[in-house]
Amino acid sequence: MPKRPSRRDLIAAAGVTAALATTAKAQPKAKETAMPASDHVGFAIVGLGKLSLTQLIPALKKTKSAKLVAVVSGHPEKARKVAAENGLPADAVYGYDDYDRIAKDPRIQVVYIVLPNALHAEHTIKAFKAGKHVLCEKPMATTIADAEAMIAAAKAAQRQLMIAYRCHYEPMNLDVMRRLRSQSLGKVRQINTTMGRQADPSDPSDAWRLDLKLSGNGALGDMGVYGVSAARYLLNEEPIAVQAWAQTDRSDPRFKETEDLINWQFRFLSGVIANGSTSFNYAATMAFEAICEQGRLVADPAAFYGGNRLTVVEGGQAQPPVPAPAGDQFAREMDWMADVVRGKAPMVSPGEEGLQDMRLMEAILESAAKDGATVKTDWGYRRAVDPAKVVDAKA
Ligand code: NDP
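So, here is what we can say about the structure in this document. Residue positions are given per chain, counting from 1 as you read along its sequence in written order. Where local features are concerned, this predicted model is filtered to residues with pLDDT of at least 70; where side-chain atom pairs are given and counted, the filter is 80 or more; whole-chain, interface and lining totals use all residues. The basis for every side-chain value is the complete set of heavy atoms in the structure, and neither hydrogens nor water enter the calculation.

### Structural notes on the overall build of the chain
Link 1 in the chain: Scanning the chain from N- to C-terminus turns up twelve helices and 16 strands.
Link 2 in the chain: Think of it in three bands: residues with accessible area under 20% of the maximum for their type are buried, residues over 50% are exposed, and the middle band is partly exposed, with areas taken using a 1.4 Å probe on protein chains only. When burial is assessed residue by residue, the chain has 58% of its 395 residues classed as buried.
Link 3 in the chain: Considering only residue pairs separated by 6 or more positions, the chain has 73% of its internal contacts joining residues 24 or more positions apart. A helix here means a DSSP run of H or I that spans at least four residues, while a strand means a run of E at least two residues long, and both kinds are numbered starting from the N terminus. Every residue pair with non-hydrogen atoms within 4.5 Å of one another is taken to be in contact.

### Observations concerning the packing of helix H2 (residues 50-59) against helix H10 (residues 329-341)
Link 1 in the chain: Angles shown run from 0 to 180 degrees and are taken between the N-to-C directions of axes, each axis being a line fitted to C-alpha atoms and, for helices, limited to the stretch in contact. At their nearest, the axes of H2 and H10 sit 8 Å apart, and the two run at 65° to each other. Of the two elements, H2 crosses H10, and the hand of that crossing is right-handed. Between H2, through Leu51, Gln55, Leu56 and Ala59, and H10, the contact on the second element is made entirely by Phe330, Ala331 and Met334.
Link 2 in the chain: Within the contact of H2 with H10, the residues separate by chemical class into six nonpolar, one polar and no charged. In a left-handed crossing the near helix is turned counterclockwise from the far helix by less than a right angle, and in a right-handed crossing that turn is clockwise. The classification used treats Ala, Val, Leu, Ile, Met, Phe, Trp, Tyr, Cys and Pro as nonpolar, Asp, Glu, Lys and Arg as charged, and all other residues, Gly among them, as polar.

### Some points on the site of the ligand
Link 1 in the chain: The local shell around the ligand holds 29 residues, among which Ser73, Lys78, Tyr96, Arg166 and Ser205 are the closest.
Link 2 in the chain: Two N or O atoms form a polar contact when they lie within 3.5 Å of each other; inside protein one atom must be a possible hydrogen donor and the other a possible acceptor, and for residues adjacent in sequence the pair counts only when both atoms belong to side chains. His120 has a polar side-chain atom sitting 3.0 Å from an oxygen atom of the ligand.
Link 3 in the chain: Protein burial of the ligand: of its 890 Å² of free accessible surface, 86% is covered by the chains.
Link 4 in the chain: Elements represented by at least two residues in the shell around the ligand include exactly helix H1 (7-10), H2 and helix H9 (219-235). Any residue with at least one heavy atom within 4 Å of a molecule or strand is counted as near it. To measure how exposed things are, a 1.4 Å probe is used in the Shrake-Rupley method; for residues, cover is taken only from the protein chains shown.

### Topic: the environment of Val312
Link 1 in the chain: Structurally, the position occupied by Val312 is in strand E13 (residues 309-314).
Link 2 in the chain: Residues contacting Val312, with those up to four places away along its chain left out, are Arg179, Leu185, Arg296, Leu297, Gln317, Ala318 and Gln319.

### With respect to the pattern of salt bridges
Link 1 in the chain: What counts as a salt bridge is simple: a side-chain nitrogen of Lys or Arg found within 4 Å of a carboxyl oxygen of Asp or Glu. Taken as a whole and judged by the stated rule, the model has 26 salt bridges.
Link 2 in the chain: Here Glu352 ties to Lys155 by a salt bridge, and the two come within 3.5 Å at their closest N and O atoms. Linking Glu352 in helix H11 (residues 351-369) with Lys155 in helix H5 (residues 144-157), this pair joins segments that are 197 residues apart in sequence.
Link 3 in the chain: Accessibility expressed as a relative area gives 29% for Glu352, which makes it partly exposed.
Link 4 in the chain: Lys155 gets classed as exposed once you look at its relative accessible area, which sits at 57%.
Link 5 in the chain: Between Glu353 and Arg232 there is a salt bridge; the shortest N-O distance is 2.6 Å. Of this pair, Glu353 sits in helix H11 while Arg232 sits in helix H9, and the two are 121 residues apart along the sequence.
Link 6 in the chain: Among the residues examined, Glu353 registers a relative accessible area of 0% and is labelled buried.

### Overview of H9
Link 1 in the chain: Here H9 contains 17 residues, and its C-alpha end-to-end distance of 23 Å stays within 8% of the 24 Å for a straight helix at 1.5 Å per residue.
Link 2 in the chain: In this scheme, the bend at a residue equals the angle between the axes fitted to the seven residues that finish there and the seven that begin there. The largest bend along H9 measures about 45° and falls at Val225.
Link 3 in the chain: Two residues or fewer past H9, Asn236 is found with a positive phi of approximately 50°. What a helix should span is 1.5 Å times the count of its residues minus one.

### Topic: the sheet that holds strand E2 (residues 66-72)
Picture the strands of a sheet paired through backbone hydrogen bonds; they go either parallel or antiparallel.
Link 1 in the chain: Strand order in the open sheet made by the six strands is E3-E2-E1-E4-E5-E6, with parallel pairing throughout. Each having just a single partner strand, strand E3 (93-94) and strand E6 (161-163) make up the two edges of the open sheet. The criterion for strand pairing is that DSSP finds at least two bridges linking the strands in question.

### Things to note about the side chain of Asn217
Link 1 in the chain: Along the polypeptide, Asn217 turns up in the loop between helix H8 (212-215) and H9.
Link 2 in the chain: Residue Asn217 is classed as buried on the basis of its relative accessible area, which comes to 15%.
Link 3 in the chain: If sequence neighbours within four positions are ignored, Asn217 has contacts with Leu212, Thr258, Met361 and Leu365.

### Thoughts on empty space enclosed by the protein
Link 1 in the chain: A cavity here means a set of points on a 1 Å grid, drawn over the protein atoms and nothing else, where a 1.4 Å probe fits but cannot get out; a pocket is an open set with protein on both sides within 12 Å along at least five of seven lines, and a residue lines either one if it has an atom within 4 Å of a point. Grid points are joined across faces, edges and corners, and a volume is the space filled by probe spheres set on the points. This model, assessed by the stated rule, comprises two cavities of 30 Å³ or more.
Link 2 in the chain: Estimated volume of the largest cavity: approximately 60 Å³.
Link 3 in the chain: Around the largest cavity sit Lys138, Ala164, Tyr165, Arg166, Cys167, His168, Tyr226, Ser229 and Tyr233, which together line it.
Link 4 in the chain: Of the residues belonging to the lining of the largest cavity, the class tally is five nonpolar, two polar and two charged.
Link 5 in the chain: An automatic or database domain assignment provides the domain bounds reported here. For the lining of the largest cavity, the two domains that each supply at least three residues are domain 1 (7-166) and domain 2 (171-321 + 351-376).
Link 6 in the chain: Of the volumes computed, that of the second largest cavity is approximately 30 Å³.
Link 7 in the chain: In terms of lining, the second largest cavity is formed by Met347, Val348, Pro350, Glu353, Tyr381, Arg383, Ala384 and Val385.

### A look at the layout of surface pockets
Link 1 in the chain: As a volume, the largest pocket reaches approximately 610 Å³.
Link 2 in the chain: Along its surface, the largest pocket is lined by 32 residues, and Gly49, Lys50, Leu51, Val114 and Trp208 are the ones closest to its centre.
Link 3 in the chain: Where the lining of the largest pocket is concerned, the elements lending two or more residues are H1, H2, helix H7 (204-207) and H9.
Link 4 in the chain: No other element matches H2, which puts three residues into the lining of the largest pocket.
Link 5 in the chain: Each residue belonging to the lining of the largest pocket can be placed in one class, and the counts come to 13 nonpolar, nine polar and ten charged.

Shown next, in the form of structure tokens:
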């Protein structure tokens, strides 16, 4: 049988780093951390898996403000090799057992958590106890209690907690947000998001994603979270209710513990409806569409690492697709975090954003378990900073 294409097989690596906005307002003050002699902000990468090795560490060669200064891994040989390849000294390699020693390492200001989802909370909280800022991969955690504990730990330490929502910093997504805010095609009526792929249980990176304890909820937290988040940032509004349905073939060995196909429908006070879908058993897709009164914005792909493409359909006519400007999303995101730490940029994707998506995903699963029963979701959360207003904002 031919090997199923993974998401990564289908994702093109992105090109050069794009410039960050310098127009952003000053960040509310977090406690200052000792700055190293260099004016770069030092990043430690925790977990040397696929994302770290194929995207983040290469992106740290293109960043303007962020710099790789340490690695944390359970495999010392791999870690030493990665450190040597990246010009790091031997004492910049940590294991999980001596991770707490980072407290004494002034080179490290930001700890970037790139571990299986269930390990995010523990390593984030330890990093705050060590006095570091944290950039944490999505989904933020596997339980709401863990997500809340991460936010509380950041507050107690007076340090920044940013969730690595790269689409908040990606030019095509920002372009769509701005077009929708300007109502150039009239008001938005409907959003559709489809985020999924085929999971490959023989790939260790997917094996933990199919394990309920390590991933939290399978495809929903891994891929669906992009759609949950996109509906919210496209509209700059929060859902007031959700209905959801799941379709899972339990005879497929991949889905012993997690759901496979999940479809949901968010309702918003403005009257917009957002349909979302995720699966670990359909062809790779990361796309969304915004249907407005006078036209449609079709982003397909919308959230690949590179090669995202927007088609504007107006008066029934599709205009030539607009390719996303060249740039490395991960470099942009890490530079943004570095600027937040230096007080040069506002926090756009704080822990509260990750928590909101966690709560909405729990509501989706609750509704799906009740075969589409309505679950109310207007618990009062409002985004503090609209990415469309600050990221790459024109002066
Ligand atoms: P991988 O499985 O490829 O890497 C995870 C790494 O974590 C491992 O290589 C290992 O590194 C370390 N680790 C520590 N404990 C365990 C354990 N019990 N089981 C497995 N690994 C362990 O995962 P990814 O790199 O694909 O994903 C990591 C995180 O990044 C996830 O939260 C994921 O959701 C997120 N992600 C985000 C993406 C984005 O676009 N923003 C894209 C892909 C992933 P070591 O050997 O060094 O200890």
